[in-house]
Amino acid sequence: MTEQEAAAPRRGRLQFASLGSGSKGNATLVSDGETHLLVDCGFGLRETERRLADFGLHPRQLDAVLVTHEHGDHIRGVGPLARRHGVAIYLTPGTWASGRLGELPRRHWITPQQRFAVKGLIIDPVTVPHDAREPVQFRVQGSERSLGVLTDLGHPTDHVAEAFAGCDALVLECNHDVQMLAEGPYPPRLKRRVAGDWGHLANVQAAALLPRLGLDRLQHIVCSHLSEHNNRPELAREALVPLLDGDESRLRVSCQEAGVAWQAIG
């Protein structure tokens, strides 16, 4: 039995895990022991099946995949998963209009800022500034606890800060270190896109946002979507640890291959 399987979610407790996060694929598991959700599926079908198996899950056990936006590192496996295993897909009309997902036999529309439920889990889709057609991120509530999945946003707006305030756990984008991006190999146009208001969140921006969300309540913070070329785990940690009074036990980093094992929200 793997470490992930040993810590598999129990009924009545909200838990989450990361299958992996980065420019080559992103997927976050959320469960209350009865309802299993996948937020995005940026890995190919076989790789998704393998990573789910590491957590003791078969794709047919998923109640839904919630799609944030249409970029490939978030949707690569969505269509194949839906067609092969009959998984329900929730997405905005704008994301669907991108034409990148193919046939989805069980398609459900999301309206930003309009709450919906998947069995016992309550989901709030939140509009975020990102260079996609109709991007959202998600706040998931269950067992009297809440998890925020907040990646792929160019800057932390007041709307975002208000929507994710008071979460008990947070999957937070720490995409790049400002200096590494400026000195790195990307061409100038791509650097401007990543650093712009519709691009990705820098470590320093993530650190500025956290106090606005309520640090005392946060039991778990997972740094996600780290750039392979413009960030390092230790830099993301260095940006956030000072906010936690040096207590690193609440902080983890999800990388492309490693992911993060099940985390229980007490």
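Refer to the structure printed above.
I will try to describe carefully the structure that is included in this document.

Scoring rules and cut-offs
Residues numbered from 1 in each chain as written. Predicted model: local features only at pLDDT ≥ 70, side-chain atom pairs only at ≥ 80, totals over all residues. Heavy atoms only, no water. Axes fitted to C-alpha atoms, helices over the stretch in contact; angles between N-to-C directions. Helix = DSSP H or I, 4+ residues; strand = E, 2+ residues; numbered from the N terminus. Parallel < 35°, antiparallel > 145°, perpendicular 65-115°, else oblique. Contact = heavy atoms within 4.5 Å. Nonpolar A, V, L, I, M, F, W, Y, C, P; charged D, E, K, R; others polar. Buried < 20%, exposed > 50% of the residue type's maximum accessible area, 1.4 Å probe, protein only. Pairing = 2+ DSSP bridges. Left-handed = near helix turned anticlockwise from the far one by under 90°.

**Here's the deal with the packing of helix H2 (residues 45-54) against helix H4 (residues 78-85)**
Next up, step 1: Here H2 crosses H4 at 75°, and the two axes come no closer than 9 Å. Looking at the two axes, H2 sits roughly perpendicular to H4. Of the residues in H4, those touching H2 at Leu45, Thr48 and Glu49 are Pro80, Leu81, Arg84 and His85.
Next up, step 2: Among the residues making up the contact of H2 with H4, the classes are represented as 3 nonpolar, 2 polar and 2 charged.

**Thoughts on the environment of Phe116**
Next up, step 1: Here Phe116 is to be found in strand E7 (residues 116-118).
Next up, step 2: By relative accessible area, which is 16% here, Phe116 ends up buried.
Next up, step 3: Along the chain, Phe116 and Val140 lie 24 residues apart, while their C-alpha atoms are 9.9 Å from each other.
Next up, step 4: Contacts of Phe116, omitting those with residues within four sequence positions, involve Leu66, Tyr90, Ile110, Leu121, Ile122, Ile123 and Pro125.

**Section: the environment of Ser224**
Next up, step 1: In this structure, Ser224 sits in strand E12 (residues 220-224).
Next up, step 2: By relative accessible area, which is 2% here, Ser224 ends up buried.
Next up, step 3: Distance from Ser224 to Val171, taken between C-alpha atoms, is 6.4 Å for residues 53 residues apart in sequence.
Next up, step 4: For Ser224, the contacting residues outside a window of four places in its chain are Ser21, Thr151, Val171, Leu172, Glu173, Cys174, Asn175 and Ser254.

**Some details on the sheet that holds strand E8 (residues 121-127)**
Next up, step 1: One open sheet holds the 7 strands; their spatial order is E7-E8-E9-E10-E11-E12-E13, and the pairing between them is mixed. Looking at which strands have only one partner, the edges of the open sheet turn out to be E7 and strand E13 (251-253). Neighbouring strand axes in the sheet, compared pairwise and without regard to direction, differ in orientation by 20° on average.
Next up, step 2: In this structure, strand E11 (residues 169-173) lies alongside E12, joined through 5 bridges in parallel fashion. Residue pairing for E12: Leu172 is matched across the bridge by Cys223.
Next up, step 3: Where helix H9 (residues 203-213) meets the sheet, its contacts fall on strand E10 (145-150), E11 and E12, and the angle it forms with E11 comes to roughly 155°.
Next up, step 4: The sheet contacts of helix H10 (residues 233-240) involve E12 and E13, and relative to E13 the element is tilted by about 155°.

**Overview of the packing of H9 against H10**
Next up, step 1: Here H9 crosses H10 at 30°, and the two axes come no closer than 9 Å. Comparing the axis directions of H9 and H10 gives the class roughly parallel. Handedness of the crossing formed by H9 with H10: right-handed. On H10, the residues that touch Asn203, Ala206, Ala207 and Leu210 of H9 are Leu235, Ala236, Ala239 and Leu240.
Next up, step 2: Within the contact of H9 with H10, the residues separate by chemical class into 7 nonpolar, 1 polar and no charged.

**Some thoughts on H4**
Next up, step 1: Buried within H4 are the following residues: Val78, Gly79, Leu81, Ala82 and His85.
Next up, step 2: Looking at the packing, one finds that the buried side of H4 touches strand E3 (36-39), H2, strand E4 (64-66), helix H3 (72-75) and strand E5 (89-91).
Next up, step 3: Trailing H4 by a residue or two, Gly86 shows a phi angle of about 70°, which is positive.

**Quick notes on unusual backbone geometry**
Both trends apply: most residues other than glycine have a negative phi, and most peptide bonds are in trans.
Next up, step 1: The backbone of Asp40 sits at a positive phi, close to 70°, despite the residue not being glycine.
Next up, step 2: Inspection of the secondary structure assignment puts Asp40 in the loop between E3 and H2.
Next up, step 3: Here His225, not a glycine, exhibits a phi torsion of approximately 60°, which is positive.
Next up, step 4: Here His225 is to be found in the loop between E12 and H10.

In short, shape yes, function no, at least from these values alone.
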